[in-house]
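Next come the chains, spelled out residue by residue.
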Amino acid sequence: MVVGLAVVAVLVVAVAAAVGTANIPVPAVIRFLFSGDAGDPGWTTLLDRVRMPRVGTAAAAGAGLALAGLVMQTLFANPLADPYVLGISSGASLGVALVTLGGGTLGAGFVAITGTGRLGVVVAAAIGALAVLLLILLFGRWISSVVSLLIIGVMVSSAVGAVTSLLLAFAEPARLQQFITWGLGSFSGVPRDDMILMVIIIAAAGVIILLLSQSLNAMLLGERYARTMGVRVRLVRYLAITATAVIAGTVTAYCGPIAFLGIAVPHLARLVIGTSDHRVLLPASLLIGVIISVACSMITQLPPGDLVLPVNVVSALVGVPVVLVVLLRSRRLSAGAV
C-alpha cells in the first residue's frame, strides 16, 4: 500500500507540474524530474522557475503538516489536534501582522529587524512562530500533563490572536487586504532556492518524527504504559513538539496558515492503511499529504485566466468532508480515541 501511494504521489506531482495556462506533456515533466531537461527550452524554463517550485512547496507543506498532525493527535490523544494546536500559527500570524499592518513602535522595530517585502514576511512569521515555541517549551518544563500543555497552548494562541485582532481593527484597508491575502494561503511565489531551504528544514524535522515511531506506538496506550516500556516520555514530548513547531512555523512562514491538511490527512491515512502502527502510518500520512496538497495546488490553478484560488478554500473543501466522514463512521474516533 505504501509503495502504491508513492507511485500515485509521483504521478500527481507530474500531472500538477504539467497542468496550467500552458500545458506540458506529462512524459516531458517526468523526463525533467530525472534529467533536468524537458526536451524543450521553454518547457524547461517554465518547469524550473515556476511549476516545480510551486509543486515542490505544496509537496513539502503537505508531507510536513500530515506528519505533524499525526504526531499531535497521538501525543494529545485528541482526534481533532492539528499542527497549529499549540499556537505556532498564531505566533507566525502576529509576526506577519506587525510587518504588514504596522503596530506603532513595536511594529516599526519589527520591520527594522525583518525588513519589508516577501522576505520580511517570511522572517517575521518565523520569529513569531519561534517565540511561541520557546514559550510553550518553557511552560513544558514545569508541566507533566499533556492535557495541561494543550490547554496552555490554546490559551497562548487565544492571547496572541487577540493582539493580532487588535492590529486588524486599526489597520489601513490596503494593508488589511495584504494580510488577509496572506492568511488565505498560497503555494505560489516561492523561489526555487527558498523552496529547497523549506524542503530541507521540513525533511530534517520529519526525520526526527519518523525516528519516534516506536515511542509513539507505546504512547498510544498512555504515558504511564510508555514509561513502563522504557520510553523517555518527556524527551519524546519535547522532540515531537519541537519538530511539529518547526514544520508548522516553516509552512506558515512560506505559505501562510494552511488549514485542514494536518487534521484530515492522518485520519485518511488510518482509513487507507487500516492500522495505528506509526512505522507504517507515518510514511503513509506523508505520501497522502503530498498527494492531497499537490492536488489542491493543481486545483487552485484550474480556473481560466489568471485567477488563482486561495489554497485554504480548496483544502477546506477537501478536509471538511474527510473529517466529518471519519467522525461519523469511525466508532473509535467517535468515542474520543485516536
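Residues numbered from 1 in each chain as written. Predicted model: local features only at pLDDT ≥ 70, side-chain atom pairs only at ≥ 80, totals over all residues. Heavy atoms only, no water.

Peer 1: How would you summarise the overall build of the protein chain if you had to cite specific residues and measurements?
Peer 2: Broken down by element type, the protein chain carries 16 helices and zero strands. When burial is assessed residue by residue, the protein chain has 51% of its 338 residues classed as buried. Working note: accessible area of the protein chain is about 15,300 Å², and carbon and sulfur atoms make up 70% of it. (Helix = DSSP H or I, 4+ residues; strand = E, 2+ residues; numbered from the N terminus. Buried < 20%, exposed > 50% of the residue type's maximum accessible area, 1.4 Å probe, protein only. Areas by Shrake-Rupley, 256 points an atom, 1.4 Å probe, with all protein chains shown as cover.)

Peer 1: I'd like to hear about the environment of Ser-93, residue by residue, with values.
Peer 2: Here Ser-93 shows up in helix α4 (residues 88-100). Distance from Ser-93 to Gly-128, taken between C-alpha atoms, is 7.3 Å for residues 35 residues apart in sequence. Ser-93 has contacts with Thr-164, Phe-179 and Trp-182, leaving out every residue within four places of it along the chain. (Contact = heavy atoms within 4.5 Å.)

Peer 1: Any details on the nonpolar core? Residues and values, ideally.
Peer 2: Grouped together as the largest cluster of nonpolar side chains are 103 residues, with contacts concentrated most on Met-72, Val-251, Ile-258 and Val-294. Looking at this core, the element that brings in the most residues is helix α3 (residues 41-75), giving 16 residues. Beyond its immediate stretch of four places on either side in the chain, Val-294 contacts Val-12, Val-13, Ala-16, Val-55, Ala-58 and Ala-59. (Core = buried A, V, L, I, M, F, W, Y, C linked by side-chain atoms within 4.5 Å.)

Peer 1: Report on a nonpolar patch on the surface, specifying residues and quantitative values.
Peer 2: Taken together, the side chains of Leu-135, Leu-138, Phe-139 and Trp-142 make up a nonpolar region of the molecular surface, amounting to roughly 400 Å² of accessible area. Looking at the element boundaries, Leu-138 is found in helix α6 (residues 117-140). (Patch = residues over 30% accessible without salt bridge, like charges linked within 9 Å, V, L, I, M, F, W, Y side chains within 5 Å. Salt bridge = Lys/Arg side-chain N within 4 Å of Asp/Glu carboxyl O.)

Peer 1: Describe unusual backbone geometry, with residues and values.
Peer 2: A positive phi angle is found at Ala-77, which is not glycine, with a value near 50°. You can see Ala-77 is positioned in the loop between α3 and α4. Relative accessible area serves as the criterion here: at 46%, Ala-77 is assigned to the partly exposed category. Positive phi values are uncommon outside glycine, yet Phe-260 reaches one of about 75°. Along the chain, the position of Phe-260 falls in the loop between α12 (233-255) and α13 (261-273). A residue is classified by how much of its surface remains accessible, and Phe-260, at 31% relative accessible area, is partly exposed.

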